[in-house]
Amino acid sequence: MKPKPDFQHPIHEFLQKRWSPRSFSDKPIKHEYLLSLFEAARWAASAMNEQPWRFIYADKSDKDKYNKLFNCLVDANKLWAGTAPVLVISFIKTHFEKNNEKNKWAMHDLGLAIGNLTIQASSLGLYVHNMAGFSIEIVKKEFDIPDGLEPITMIAIGYLGNPDLLSEKLKEREIAIQQRKPLNELFIN
Ligand SMILES: Cc1cc2nc3c(=O)[nH]c(=O)nc-3n(C[C@H](O)[C@H](O)[C@H](O)COP(=O)(O)O)c2cc1C
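Residues numbered from 1 in each chain as written. Predicted model: local features only at pLDDT ≥ 70, side-chain atom pairs only at ≥ 80, totals over all residues. Heavy atoms only, no water.

Visitor: Could you give an account of the pattern of salt bridges, with specific residues and numbers?
Guide: According to the stated counting rule, one finds 5 salt bridges in the structure shown. Between Arg-42 and Glu-39 there is a salt bridge; the shortest N-O distance is 2.9 Å. Pair noted here: Arg-42 and Glu-39 are both in helix 2 (residues 31-42), with a separation of 3 residues, about one helical turn. Here the residues in one salt-bridge network are Glu-50, Arg-54, Lys-93 and Glu-97, joined through shared partners. (Salt bridge = Lys/Arg side-chain N within 4 Å of Asp/Glu carboxyl O. Helix = DSSP H or I, 4+ residues; strand = E, 2+ residues; numbered from the N terminus.)

As structure tokens, this is what we get:
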């Protein structure tokens, strides 16, 4: 059982519950739940309402697509992410549709969208693990990516699994308490 960290101030239970697991159960995610996750992402705020987030996703019932996604991960993430029933690649659209200028807030807005998706997941008993460890080259080889999109993260989504099935080293991290800087370190002036 993951120990609960000490929250310095009260926060919503869906935020309290959130952490990034590496052990997922093989329970599939209902398609309507999956659509609710992306619907939550859709309703994030964005600069100029550009909505610069895009996604590729697959669940394990679509074996070929899931395997293509899995193939994009670095080895360290392949050690555990294959237990997740759903894998996602997130993208930003790098330039504004209106004037083709560079959208310097695109990453920010993708982060807001993933934040929405994550909290929606938490409300449904699901967990999300973001990953920077993947190959952009393999993403471009495996999928037909429209011009102007840049892959940013991959994401594993699912229900909590059994940490005993992980290697000793990963299990240790899995059951460790979450660490954060104290709140007062966040304020710079
Ligand atoms: C953008 C981003 C990239 C990450 N990349 C990886 C990754 O490649 N592999 C991994 O195991 N965890 C990855 N993580 C998970 C972080 O290590 C994790 O969120 C952090 O240690 C805090 O732990 P918590 O989410 O359980 O609170 C990533 C998280 C984010 C937000």
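Visitor: Before we move on, could you go through the site of the ligand and cite the residues and values that matter?
Guide: In the region of the ligand, 14 residues are neighbours, and Ser-20, Arg-22, His-129, Ala-132 and Gln-178 sit closest. Within the contact set of the ligand, a nitrogen atom lies 2.8 Å away from a side-chain nitrogen or oxygen of His-129. For the ligand, an oxygen atom lies 2.8 Å from a polar atom in the side chain of Arg-180. Here the shell around the ligand takes 3 residues from strand 3 (residues 127-131), the largest share from any one element. (Near = heavy atom within 4 Å. Polar contact = N/O pair within 3.5 Å; in protein donor to acceptor, adjacent residues only side chain to side chain.)

Visitor: Report on the sheet that holds strand 4 (residues 149-158), specifying residues and quantitative values.
Guide: Within a sheet, each strand pairs with its neighbour through backbone hydrogen bonds, oriented either parallel or antiparallel. One open sheet accounts for 4 strands, arranged 1-2-4-3; its pairing is antiparallel. Looking at strand neighbours, the two that pair on one side only are strand 1 (53-59) and strand 3, the edges of this open sheet. With strand direction ignored, the average angle separating the axes of adjacent strands in the sheet is 25°. Where strand 3 lies against strand 4, 5 bridges are found, and the strand directions are antiparallel. From the neighbouring strand, Val-128 faces strand 4, where its bridge partner is Ile-157. Across the sheet, helix 3 (residues 63-71) lies against strand 1, strand 2 (86-93) and strand 4, angled at about 120° from strand 1, the strand it touches most. (Pairing = 2+ DSSP bridges. Axes fitted to C-alpha atoms, helices over the stretch in contact; angles between N-to-C directions. Contact = heavy atoms within 4.5 Å.)

Visitor: Mind laying out the environment of Phe-14, listing which residues take part and the relevant values?
Guide: Turning to its location among the elements, Phe-14 is positioned in helix 1 (residues 13-17). Placed 83 residues apart in sequence, Phe-14 and Glu-97 show a C-alpha to C-alpha distance of 34 Å.

Visitor: Got a sec to walk through helix 5 (residues 106-123)? Specific residues and values, please.
Guide: Residues three or four positions apart in an α-helix share a direction because the helix packs 3.6 residues into each turn. The first and last C-alpha atoms of helix 5 sit 26 Å apart over 18 residues, in line with the 26 Å expected at 1.5 Å per residue. In this structure, the buried side of helix 5 is in contact with helix 1, helix 2, strand 1, strand 2, strand 3 and strand 4. (Expected span 1.5 Å × (residues − 1).)

Visitor: So, the packing of aromatic side chains: which residues are in play, and what are the values?
Guide: One pass over the full model with this rule turns up 4 aromatic pairs. With centroids separated by 6.2 Å and ring planes inclined at 65°, the aromatic side chains of Trp-19 and Tyr-127 adopt a geometry described as edge-to-face. With Trp-19 in the loop between helix 1 and helix 2 and Tyr-127 in strand 3, this residue pair connects regions lying 108 residues apart in the sequence. The exposure classification of Trp-19 matches that of Tyr-127, with both residues buried. An aromatic cluster of three or more residues is present, and its members are Phe-38, Phe-55 and Tyr-57. The ring of Tyr-159 has Lys-27 sitting right over it, with the charged end atom 4.2 Å from the ring centre. Positioned above the aromatic ring of Tyr-57, the side-chain terminus of Lys-65 is 5.7 Å from the ring centre. (Phe/Tyr/Trp six-rings, centres within 6.5 Å; stacked < 30°, edge-to-face > 60°. Buried < 20%, exposed > 50% of the residue type's maximum accessible area, 1.4 Å probe, protein only. Lys NZ or Arg CZ within 6 Å of the ring centre and 35° of its normal.)

Visitor: Would you mind going over the nonpolar core in detail, with residue names and values included?
Guide: Ranked by size, the top nonpolar core spans 25 residues in total, and within it Leu-69, Trp-80, Ile-89, Met-131 and Met-154 carry the most contacts. Secondary structure elements with two or more residues in this core: strand 1, helix 3, helix 4 (75-81), strand 2, strand 3 and strand 4. Excluding anything up to four places from it in sequence, Trp-80 contacts Pro-21, Arg-22, Phe-24, His-129, Met-131, Ala-156, Leu-166 and Leu-170. Leu-37, Phe-38, Ala-113 and Ile-114 belong to the second largest nonpolar core, which has 22 residues in total. (Core = buried A, V, L, I, M, F, W, Y, C linked by side-chain atoms within 4.5 Å.)

Visitor: Before we move on, could you go through helix 2 and cite the residues and values that matter?
Guide: The end-to-end C-alpha distance of helix 2, which contains 12 residues, comes to 16 Å, matching closely the 16 Å that a straight helix rising 1.5 Å per residue would cover. Tucked into the core, helix 2 has its buried residues touching strand 1, strand 2, helix 5 and strand 4.

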